[in-house]
Amino acid sequence: DSGTAPGPGAKPDGEIVLGFAQVGAESGWRTANTKSVQEAAKKAGITLKFSDAQQKQENQIKAIRTFIQQRVDVIAFSPVVESGWDTVLKEAKDAGIPVILTDRAVDTQDTSLYKTFLGSDFVKEGRSAGEWLTAEYADDKGPVNIVELQGTTGSAPANDRKAGFAEVIKGDGKFEVIASQTGDFTRAKGKEVMQAFLKSHKDIDVLYAHNDDMALGAIQAIEEAGKQPGKDIKVISVDGIKDAFVAMTQGKINVVVECNPLLGDQLMDLTEKVAAGEDVPARVETEEGVFPQAEAEAALPGRRY
Ligand code: GZL
């Protein structure tokens, strides 16, 4: 052959090559998301080029540039943070390679830089967390002191889960977020930051963790401080991984707001449509619920991640 890779969409027998730049492997949610994408690609007969950025934006940008050089048909990625993508997305557009955003969003003025966004409404997840709290403390005149473990700084889930939660609780003066800091979505960091919160605050009533991994790390810190998670300190978490459901059956987490990582099949369907130049919706949202502790026992056997 002429030595140059065939252009996008020019593969023999309609083979589709998808370049996927994953955030990393920071949480149970993320590894379930990766598994879903890999299994769905195999099932759909789509050739997957996969990269793990270890939660670094520069690694994701490098991966996208590699996919452009390899002339993949479609690029999909979950932007680790919301900003700083316009340049590399313009390079993909100039190369005629369509881009699909999955899981996390980018804040760009130029929506022609990607074909669609597939994922959750994180503001809604934050609101659900706030609504559970206001109902839980409906008869309590307060003050209710809350500490918050934020997700990765600058990421859409951290920004939006924080905003949605704050929007709901601000209406009622009894709630106060006395400390809020990133635990970077990991168990280790969640434990470390919760230890610091416990040292500097003796009157914590509630922990709001932006994901289960940080909540599970924080639970260890709460127990090591001689307090009972779920009782002395109520725990609100997001994602819905199995370990969080187990913790709810043990009374250590009070409510989990589900965030569905199993986007693989929907991503492959969108990839096929985009590769064929078909129109796709600008936004495809995932179905997800809210699981209070009382529902955990019954729900646990059916959990898929
Ligand atoms: C949310 C996803 C977040 C999860 C975390 O869709 O981006 O990243 O809530 C994961 O567990 O690390």
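Small disclaimer: the values here were computed from a predicted structure and weren't measured.

### A word on the pairing of strand 1 (residues 17-22)
Strand residues, when the strand is regular, have side chains that alternate between the two faces of the sheet.
Right, on to step 1. Among the 6 residues that make up strand 1, 6 are buried, leaving the element largely enclosed by the rest of the structure.
Right, on to step 2. The side-chain alternation of strand 1 yields two buried faces, one formed by Val 17, Gly 19 and Ala 21 and the other by Leu 18, Phe 20 and Gln 22.
Right, on to step 3. By the bridge criterion, 6 bridges tie strand 1 to strand 2 (residues 47-52) in an arrangement that is parallel. Within strand 2, the residue paired with Ala 21 across the bridge is Ser 51.
Right, on to step 4. You can see the chain leave strand 1, run along helix 1 (residues 28-44) and come back into strand 2, and the turn it takes is right-handed.
Right, on to step 5. Across 4 bridges, strand 1 lies against strand 3 (residues 74-77) in parallel orientation. Across the sheet, Ala 21 pairs through a bridge with Phe 77, a residue of strand 3.

### Digging into the site of the ligand
Right, on to step 1. Lining the immediate surroundings of the ligand are 13 residues, of which Glu 26, Asp 103, Arg 104, Arg 161 and Asp 239 lie closest.
Right, on to step 2. In the model, an oxygen atom of the ligand is placed 3.1 Å from a nitrogen or oxygen of the Arg 30 side chain.
Right, on to step 3. Within the side chain of Asn 211, one N or O atom sits 2.9 Å away from an oxygen atom of the ligand.
Right, on to step 4. When the ligand sits alone it has 320 Å² of accessible area, and the protein chains cover 100% of it.
Right, on to step 5. Only helix 1 and helix 5 (156-169) provide two or more residues apiece to the shell around the ligand.
Right, on to step 6. Taken together, the residues of the shell around the ligand break down into 5 nonpolar, 2 polar and 6 charged.

### A short note on the sheet that holds strand 10 (residues 255-258)
Backbone hydrogen bonds are what pair the strands of a sheet, in a parallel or an antiparallel way.
Right, on to step 1. Across the sheet, 6 strands lie side by side as 7-6-8-9-10-12; this open sheet has mixed pairing. Each of the sheet's edge strands pairs with one partner strand only, and the pair in question is strand 7 (175-182) and strand 12 (290-292). Recorded for the sheet is a direction-independent mean angle of 15° between the axes of neighbouring strands.
Right, on to step 2. In this sheet, strand 12 lies alongside strand 10 in antiparallel orientation, the contact comprising 3 bridges. Bridge assignment links Val 257 to a residue of strand 12, and that residue is Val 290.
Right, on to step 3. Contacting strand 6 (144-150), strand 7, strand 8 (206-209), strand 9 (234-239), strand 10 and strand 12, helix 4 (residues 122-136) runs over the sheet at an angle of about 160° to strand 9.

The rules behind the values
- Residues numbered from 1 in each chain as written.
- Predicted model: local features only at pLDDT ≥ 70, side-chain atom pairs only at ≥ 80, totals over all residues.
- Heavy atoms only, no water.
- Buried < 20%, exposed > 50% of the residue type's maximum accessible area, 1.4 Å probe, protein only.
- Helix = DSSP H or I, 4+ residues; strand = E, 2+ residues; numbered from the N terminus.
- Pairing = 2+ DSSP bridges.
- Right-handed = clockwise from strand over helix to strand, strands pointing away.
- Near = heavy atom within 4 Å.
- Polar contact = N/O pair within 3.5 Å; in protein donor to acceptor, adjacent residues only side chain to side chain.
- Areas by Shrake-Rupley, 256 points an atom, 1.4 Å probe, with all protein chains shown as cover.
- Nonpolar A, V, L, I, M, F, W, Y, C, P; charged D, E, K, R; others polar.
- Axes fitted to C-alpha atoms, helices over the stretch in contact; angles between N-to-C directions.
- Contact = heavy atoms within 4.5 Å.

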